Amino acid sequence: MSSDLGEFESLLEYVFQDRSLLVRALTHRSHAHESKEDRDNETYEFLGDSVLGFVVGDELFHRFPTVDEGTLSKMKAFLVSARSLSKKAEAIRMGEFVRLGIGEERSGGRVKKSLLANLYEAVVAAIYLDGGIDAARKFILRTFGPHLDQVTESDLLFHDYKTALQEAAQSRGWELPSYEVLSELGPDHSKTFVVAVDVGEMKAEGRASSKKEAQQRAARVALAQLQASNGEQR
């Protein structure tokens, strides 16, 4: 596995002093269970989530010194969402290097969004344990760089369409939006969820690889419809 780790370190742009930390970060619980190993990467996921939250939060705090706490929290939640992390893991080809059990391998574990998001967090933890907060910060900011540069206070609305739609409904005295999964398309490892939202007299649909993201997209369509109707009324 050492040659594979060397290739992975090149992708990470970080060389470990203690490669056992990296091996553990890449060890899924399914592999640990089947191989009778004592340790998997689940506690690394926990630590990595904390390190990631601190680094991204610190960066946003300094980039947007006049923004309020609630807005900063929404920015951070968007940036460190599972969808966002899975894309970063895919970009570094993390799925190729994770150690999976036979069952998880057969079910498409290497491309599962949730597994990849957790894997990214575990790798962050391994880098932190090996090189400290500066090494972890360098890795996080390198992989988050383009997204951090694109985040602005003015376009925050699209980060959380569900909340925006709920607030719009409440301001009009409507019942809160209700969401329904209409269908699930594709194989288990690559599903597409179709979700509908009912609010006021409107109904809109959204599609995505997770139920939460499909809800966000449906809410976005509903908001666009609402804004269009407001324009027509004026």
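Up top is the structure these notes are about.
## Overview of the overall build of the protein chain
Point 1. Helix and strand content of the protein chain: ten helices and three strands.
Point 2. Helices and strands in the protein chain line up, N terminus first, as α-α-α-α-α-α-α-α-α-β-β-β-α.
Point 3. Across the 234 residues of the protein chain, 42% fall into the buried class.
Point 4. Of the contacts formed within the protein chain by residues at least 6 apart in sequence, a portion of 54% connects residues at least 24 apart.
Point 5. Carbon and sulfur atoms make up 49% of the accessible area of the protein chain, which amounts to about 12800 Å² in all.

## Notes on the side chain of arginine 24
Point 1. Assignment of secondary structure puts arginine 24 in helix H2 (residues 19-25).
Point 2. Buried charged residue arginine 24 carries no salt bridge. Nearest counter-charge: aspartate 40, at 5.6 Å.
Point 3. Every residue in contact with arginine 24, bar those within four places of it in the chain, is listed here: Arg39, Asp40, Asn41, Thr43 and Tyr44.

## Focus: the sheet that holds strand E2 (residues 192-199)
The strands that make up a sheet are held in pairs by hydrogen bonds between backbone atoms, and each pair lies either parallel or antiparallel.
Point 1. Pairing within the open sheet is antiparallel, and its three strands lie in the order E1-E2-E3. Of all the strands in the sheet, the pair left with one neighbour each is strand E1 (178-185) and strand E3 (202-208). Shown here is a sheet whose adjacent strand axes are inclined to one another by a mean of 20°, direction ignored.
Point 2. Sheet topology note: the E2/E3 ladder contains seven bridges and is antiparallel.

## What to know about the pairing of E1
Point 1. Note that E1 and E2 share seven bridges and pair antiparallel. Bridged to serine 178 within E2 is aspartate 198.
Point 2. The hairpin formed by E1 and E2 contains six residues between the paired strands, and glycine 186 there has a positive phi angle of roughly 90°.

## Examining helix H4 (residues 42-63)
Point 1. Compared with an ideal rise of 1.5 Å per residue, which puts 22 residues at 32 Å, H4 spans 31 Å between its outermost C-alpha atoms and is within 8% of the ideal.
Point 2. Packed against the buried residues of H4 are H2, helix H5 (69-79), helix H6 (82-91) and helix H8 (113-150).

## Focus on unusual backbone geometry
Point 1. At glutamate 13, a position not held by glycine, the phi torsion is positive, near 60°.
Point 2. Within the element layout of this structure, glutamate 13 appears in the loop between helix H1 (2-12) and H2.
Point 3. If you check the backbone angles, arginine 93 has positive phi at about 60° while not being a glycine.
Point 4. Mapped onto the secondary structure, arginine 93 falls in the loop between H6 and helix H7 (102-106).
Point 5. Judged by relative accessible area, arginine 93 falls into the partly exposed class, the value being 31%.

## Considering the packing of H6 against H8
Point 1. Across the interface, H6 lies against H8 with an axial gap of 5 Å and an inter-helix angle of 75°. When the interaxial angle is binned, H6 and H8 end up roughly perpendicular. For the pair H6 and H8, the contacting residues are Ala82, Ser84, Leu85, Ser86, Lys88, Ala89 and Glu90 in the first and Lys113, Leu116, Ala117, Tyr120, Glu121, Thr143, Phe144 and His147 in the second.

## Looking at the pairing of E2
Point 1. A large share of E2 lies buried, amounting to six of its eight residues.
Point 2. Hairpin geometry of E2 and E3 is characterised by an intervening segment of two residues between the two adjacent antiparallel strands and by a positive phi of about 60° at glycine 200.

## Overview of the pattern of salt bridges
Point 1. Applying the stated rule across the entire model yields 13 salt bridges.
Point 2. Aspartate 188 is the partner of lysine 191 in a salt bridge, and the nearest nitrogen-oxygen pair spans 3.6 Å.
Point 3. A relative accessible area of 67% means that aspartate 188 is categorised as exposed.
Point 4. Here the residues in one salt-bridge network are Glu7, Arg93 and Glu96, joined through shared partners.

Conventions and cut-offs
- Residues numbered from 1 in each chain as written.
- Predicted model: local features only at pLDDT ≥ 70, side-chain atom pairs only at ≥ 80, totals over all residues.
- Heavy atoms only, no water.
- Helix = DSSP H or I, 4+ residues; strand = E, 2+ residues; numbered from the N terminus.
- Buried < 20%, exposed > 50% of the residue type's maximum accessible area, 1.4 Å probe, protein only.
- Contact = heavy atoms within 4.5 Å.
- Areas by Shrake-Rupley, 256 points an atom, 1.4 Å probe, with all protein chains shown as cover.
- Lys, Arg positive; Asp, Glu negative; His and termini not counted.
- Salt bridge = Lys/Arg side-chain N within 4 Å of Asp/Glu carboxyl O.
- Pairing = 2+ DSSP bridges.
- Axes fitted to C-alpha atoms, helices over the stretch in contact; angles between N-to-C directions.
- Expected span 1.5 Å × (residues − 1).
- Parallel < 35°, antiparallel > 145°, perpendicular 65-115°, else oblique.

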